[in-house]
Amino acid sequence: MSNKYYVTTAIYYTNAPPHIGHAYEIIAADVIARFHRLLGEDVFFLTGTDEHGIKVEKTAAKQGKSPQAFVDEISERFQTTWRDVLNVDYSRFVRTTEPDHYQVVQAMWNMLMEKGDIYKSSYTGLYCSGCETFCLPKDLTPEGLCPNHLTAPEPVEEENYFFRLSAYKTKLIDYYEAHPDFIQPLFRRNEVINQLDTLEDISVSRAKRSVGWGIPVPQDPDQVVYVWIDALSNYLTGIGWGKDSAVFEKFWPCDVHVIGKDILRFHAIYWPAMLMAAGLPLPETLLVHGFINVAETKISKSLGNVISPQDLMARFELENADPIRYYMMTSTGFGQDGNYTDDEFKNKVNADLANNLGNLLNRTLNMVIKYCDGEVLAVGAEKNNLLSGEDLAQIQTHYEGFRFNEAAQVIMEGVDRANKYVHASEPWTLHKEGKTTELERVLYNTLEALRQLSILLMPLVPTLSQQIWEQLGYTQRITQMRWADILDSPLPAGQKIQLGSPILPRLDSEIVGAGKKR
Ligand code: ME8
Ligand code: MG
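Residues numbered from 1 in each chain as written. Chains lettered and ligands numbered in written order. Predicted model: local features only at pLDDT ≥ 70, side-chain atom pairs only at ≥ 80, totals over all residues. Heavy atoms only, no water.

Trainee: Help me out: how do you make sense of the pairing of strand β14 (residues 285-289) in this one?
Mentor: A regular strand places its side chains on the two faces of the sheet in alternate fashion. Most of β14 sits inside the fold, with five of its five residues counted as buried. Here β14 shows no split at all, with Thr285, Leu287 and His289 on one side and Leu286 and Val288 on the other all buried. One ladder, built from five bridges, connects strand β13 (residues 256-260) with β14; its direction is parallel. From the neighbouring strand, Val258 faces β14, where its bridge partner is Leu287. What joins β13 to β14 is helix α10 (residues 264-278), and the crossover it makes is right-handed. (Buried < 20%, exposed > 50% of the residue type's maximum accessible area, 1.4 Å probe, protein only. Helix = DSSP H or I, 4+ residues; strand = E, 2+ residues; numbered from the N terminus. Pairing = 2+ DSSP bridges. Right-handed = clockwise from strand over helix to strand, strands pointing away.)

Trainee: So what exactly am I meant to see when it comes to the side chain of Thr285 here?
Mentor: Structurally, Thr285 is set in strand β14. Look at Thr285 and you get buried, because its relative accessible area is 9%. If we ignore the near neighbours within four places in the chain, the residues touching Thr285 are Asp181, Phe182, Gln184, Asp255, Val256 and His257. (Contact = heavy atoms within 4.5 Å.)

Trainee: Is there a simple way to think about the confidence of the model for the chain in this case?
Mentor: Residues of the chain with pLDDT of at least 70 account for 97%, and the chain-wide mean is 94. The low-confidence segment residues 514-518 (pLDDT under 50) makes seven contacts with residues lying over four places distant or belonging to another chain. (pLDDT = per-residue confidence, 0-100.)

Trainee: Sorry if this is basic, but what is going on with the sheet that holds strand β9 (residues 202-203) here?
Mentor: Each strand in a sheet pairs with another by means of backbone hydrogen bonds, the pair being arranged parallel or else antiparallel. Within the open sheet, the four strands sit side by side as β6-β5-β7-β9. Their pairing is antiparallel. Every interior strand has two partners, whereas the edge strands, β6 (133-135) and β9, have only one. Here 10 bridges tie strand β5 (residues 118-128) to strand β7 (residues 154-163), and the two strands are oriented antiparallel to one another. Residue Leu126 lies in a different strand from β7, and its bridge partner there is Pro155.

Trainee: Just checking my understanding: could you explain the domain arrangement of the chain for this structure?
Mentor: By convention, interface size is frequently given as the accessible area that disappears when the constituent parts associate. In terms of domains, the chain is made up of domain 1 (4-310) and domain 2 (341-517). Averaged C-alpha coordinates put domain 1 and domain 2 at centres separated by 40 Å. Counting from both sides, the interface comprises 15 residues of domain 1 and, opposite them, 15 residues of domain 2. Summed over both partners, the interface of domain 1 with domain 2 buries about 1400 Å², with 76% contributed by carbon and sulfur atoms. (Domains from an automatic or database assignment. Buried area = accessible area lost by both parts, 1.4 Å probe.)

Trainee: When you look at the pairing of β13 in this model, what are you seeing that I'm missing?
Mentor: Extensive coverage of β13 is indicated by the burial of five of its five residues. Burial along β13 is two-sided: Val256, Val258 and Gly260 and His257 and Ile259, pointing in opposite directions, are all buried. Relative to β13, strand β1 (residues 4-9) runs parallel, the two being bridged by three bridges. In the strand pairing of β13, Thr9 is matched with Val258.

Trainee: In this structure, what is going on with the site of ligand 1? I would like to understand it.
Mentor: Around ligand 1 sit 24 residues, and of these Ile11, Glu25, Asp50, Asp262 and Ile292 come closest. Separating an oxygen atom of ligand 1 from a side-chain N or O atom of Glu25 is a distance of 2.5 Å. Taking Gly260, its main chain carries an N or O atom lying 2.9 Å from an oxygen atom of ligand 1. Notes on ligand 1: free accessible area 650 Å², of which the protein chains cover 93%. When contributions to the shell around ligand 1 are tallied by element, the ones reaching two or more residues are β2 (12-13), α1 (20-38), α7 (227-232), α8 (234-237) and β13. Partitioned by chemical class, the residues of the shell around ligand 1 number 13 nonpolar, eight polar and three charged. (Near = heavy atom within 4 Å. Polar contact = N/O pair within 3.5 Å; in protein donor to acceptor, adjacent residues only side chain to side chain. Areas by Shrake-Rupley, 256 points an atom, 1.4 Å probe, with all protein chains shown as cover. Nonpolar A, V, L, I, M, F, W, Y, C, P; charged D, E, K, R; others polar.)

Trainee: Got a minute to help me understand the pattern of salt bridges in this structure?
Mentor: If the charged atoms of two oppositely charged side chains come close together, the side chains can form a pair. Counting across every chain of the model gives 25 salt bridges. Ionic pairing is found between Lys120 and Asp220, a salt bridge with its closest N-O pair at 3.3 Å. You can see Lys120 sitting in strand β5 and its partner Asp220 sitting in strand β12 (residues 220-225), a full 100 residues away along the chain. Owing to a relative accessible area of 10%, Asp220 belongs among the buried residues under this scheme. Several salt bridges converge on common partners, so that one network encompasses Arg92, Glu98, Asp100 and Lys243. (Salt bridge = Lys/Arg side-chain N within 4 Å of Asp/Glu carboxyl O.)

Trainee: What exactly am I supposed to notice about the packing of aromatic side chains here?
Mentor: Two numbers describe a pair of aromatic rings. These are the distance of the centres and the angle of the planes. For the structure shown, the criterion picks out 29 aromatic pairs. Centre to centre, the rings of Phe163 and Tyr168 are 5.9 Å apart; their planes meet at 20°, and the pair counts as stacked. Here the two residues Phe163 and Tyr168 agree in accessibility, since each one is buried. Relative to Tyr270, the ring of Phe266 lies with its centre 5.2 Å away and its plane at 85°, an arrangement referred to as edge-to-face. Of the two residues, Phe266 and Tyr270 both sit in helix α10, four residues apart, roughly one turn of that helix. Through successive ring pairs, a cluster of aromatic residues spans Tyr6, Phe44, Tyr235, Phe248, Phe251, Trp252 and Trp271. Over the ring of Tyr127 we find Arg206; its NZ or CZ atom is 4.5 Å from the centre of that ring. (Phe/Tyr/Trp six-rings, centres within 6.5 Å; stacked < 30°, edge-to-face > 60°. Lys NZ or Arg CZ within 6 Å of the ring centre and 35° of its normal.)

Trainee: Looking at this structure, I do not really get the nonpolar core. What am I missing?
Mentor: Nonpolar side chains tend to gather and get buried jointly when the protein is soluble and globular. If you look at the biggest cluster of nonpolar residues, it comprises 105 residues, and the most contacted ones within it are Val7, Trp82 and Phe404. If you count residues domain by domain, this core takes at least three from each of domain 1 (4-310) and domain 2 (341-517). Residues in contact with Val7, not counting those within four places in the same chain, are Ala29, Ile32, Ala33, Val43, Phe44, Phe45, Leu46, Val256 and Val258. Residues Leu232, Tyr235, Ile269 and Met276 belong to the second largest nonpolar core, which totals 64 residues. (Core = buried A, V, L, I, M, F, W, Y, C linked by side-chain atoms within 4.5 Å.)

Trainee: Sorry if this is basic, but what is going on with the packing of helix α2 (residues 54-62) against helix α3 (residues 67-85) here?
Mentor: When two helices pack together, their arrangement is given by the angle between the helix axes and the distance between those axes. Running from N to C, α2 and α3 cross one another at 100°; their axes reach a closest spacing of 9 Å. For the element pair α2 / α3, the angle class is roughly perpendicular. For the pair formed by α2 and α3, the contact residues are Val56, Thr59 and Ala60 on the first element and Pro67, Phe70 and Val71 on the second. Of the residues belonging to the contact of α2 with α3, the class tally is five nonpolar, one polar and no charged. (Axes fitted to C-alpha atoms, helices over the stretch in contact; angles between N-to-C directions. Parallel < 35°, antiparallel > 145°, perpendicular 65-115°, else oblique.)

Trainee: For this particular structure, what's the right way to read helix α17 (residues 436-457)?
Mentor: Helical periodicity: at 3.6 residues per turn, an α-helix aligns residues three or four positions apart in one direction. Given a rise of 1.5 Å per residue, 22 residues ought to cover 32 Å, and the 31 Å separating the end C-alpha atoms of α17 matches this to within 8%. With respect to burial, α17 is a largely interior element, 17 of its 22 residues being buried. (Expected span 1.5 Å × (residues − 1).)

Put into C-alpha cells, the structure is as follows:
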C-alpha cells in the first residue's frame with residue numbers, strides 16, 4: 001500500500017468571501033487529511049482560489065478596483081478563514097494568478113495542441129457567467145434562465161479554440177466501468193453517464209476583447225484560456241508539475257478530489273479527458289458532496305441569507321470552530337444536501353459535545369482530583385472494553401469511506417458507554433466504602449476511554465481533542481499520535497491530570513447578535 005495521500009478541494013471563485021457552504025467542503029477535506037495523517041501517511045492537502053473569468057472582472061469593475069487588487073483581498077479572506085478560523089491544515093494554497101500556475105496552464109495547452117485535440121472554429125451560443133460555461137437551451141428553465149443562477153445567459157458569437165472532447169466518450173465510459181469507485185457516492189455516477197449521451201466538443205478559449213482577465217493562449221495573445229481549463233489545472237500546479245518532479249511523482253495521481261455536485265461534470269468529464277490527452281494518470285476518486293442550505297433555502301447573496309463561518313463564531317461566542325466542524329460533518333450523510341439552522345446546530349453541539357463528551361470529561365477529571373490526588377493510578381495494564389477492537393475497525397472503515405456522521409455515531413456510542421459505566425460503577429460509593437483498588441480501576445478505565453476518544457475525534461474536532469489531551473496530562477501534541485496508539489499506548493501510570501476550565505460549554509439558548517431573543 002502506498003504511503004502517500006493527495007487530497008484537494010475545489011478552488012473557490014474570488015467574487016465573494018467564503019460562506020458556510022464552502023466551509024463544509026474544506027472541513028470535509030481537512031477531516032480526510034487529518035485522518036490519513038493519523039494513519040501515518042504522507043498527506044498533501046491542496047486548496048486555493050480560482051481568480052480569473054468574466055465574473056471577477058465585472059465585480060472588480062463595479063467596485064472600482066483592478067481585478068488583481070480585488071482577488072488579492074478575497075483570496076486573503078479565504079486563506080485566513082480556513083487557517084485561522086476553521087483550523088484547516090492545508091499543505092498549499094494555490095492561486096490561479098500565480099506565475100507557476102500560468103506556466104502549468106500554458107504547458108497543458110501546448111500538450112493538448114500537440115496531441116491534435118485543439119482546433120479553431122467559430123461558435124454561437126449562450127454563456128452563463130455564473131457557471132462560467134456555455135449552456136444548451138435544453139438545460140435552461142422554461143423562462144430561458146440558468147437553473148443554477150436564475151439569470152439569463154448571454155449570447156456569444158466568437159472565433160474560439162475547441163477541445164476535441166467528443167473523441168473521449170468511449171474512453172471515459174471504459175474508465176468509469178473499470179473504476180467503479182471513481183465517482184462517489186455511486187448514484188452520482190449515473191448522472192455523469194447520462195450526460196455523455198450528448199457529448200460535444202467544448203470551447204476552451206475566449207476572445208480577449210470579451211474576457212480580458214485570464215491566462216493568454218500560447219502563440220495567440222488575442223485569446224485567453226477558458227477558466228475551467230485554467231482552474232482544473234490547479235491540481236497539477238499545487239504539487240509542482242513541470243517544476244518539482246520529485247513532489248509531483250510522489251503525489252500524482254490524486255487520491256481524492258472533494259467537490260460539490262454542481263461541478264461534477266467538469267471533474268468527471270472534462271478533467272479526465274484533459275489528463276488522457278496529456279498522457280497523465282487519472283485521479284482515484286471524485287468525492288461529490290451535496291449543498292448546504294440555510295433553513296431549507298439555497299444560500300444566495302440576492303436572498304440575503306449568506307452565513308459566513310465568522311458569523312457563526314460571533315453568534316454563538318465560540319472559542320474555536322470545532323462545534324461548526326462537528327455539526328457540519330455529522331448532521332448530514334456525506335453526499336446528501338445539508339441544512340443549517342441555529343436550533344439544529346445548538347442542539348447537536350449541546351447533545352454530543354457539551355452534554356455527552358463534556359460531562360464525561362469533567363466528572364471524571366474531578367473525581368480523579370478528589371479521590372486520587374489528580375494522579376492516574378497504576379492499574380493500567382488491563383484493557384478496558386469501553387471501545388473494542390471492533391469499534392475501532394468500524395470507525396476506521398467509516399472514516400475511510402467518507403461516512404463522517406457514522407464514524408461520529410460509533411464514537412459517541414463509546415462516550416455513552418463510558419458515561420453509563422461511570423454511573424453504574426458509582427466511584428463515589430467505592431470511595432466511601434474504601435474500595436480503593438476498584439475505585440482506581442474504574443477511574444483508570446474511564447480516563448483511558450477518554451484518551452482513546454480524543455484520538456478518534458481528532459480529525460473532526462482537532463482543538464477539543466488537543467484540549468482533552470492536555471487535561472489528561474500529556475505534554476506532547478496529540479497530532480503526533482498514530483492510529484495504532486489508540487490500542488497500544490495506554491495512559492502511563494503516575495501521570496498527573498491537568499484540570500482546566502470546561503472546554504465544552506453548552507451553547508446558550510440566547511443567541512448573540514441574532515437580532516431576536518429566543
Ligand atoms: O465552482 N454548499 O467555485 P465556487 C456546499 N471555481 N458546497 C458549496 C455551496 C453550498 N451551499 N456553495 C458552493 C467553483 N459550494 C469553481 C471550482 S475547481 C477546479 C473550480 C462548493 O466558489 C461548490 O460545490 O462556485 C464547489 O465545490 C466549491 O464550493 C467552490 O465553488
Ligand atoms: Mg459555484
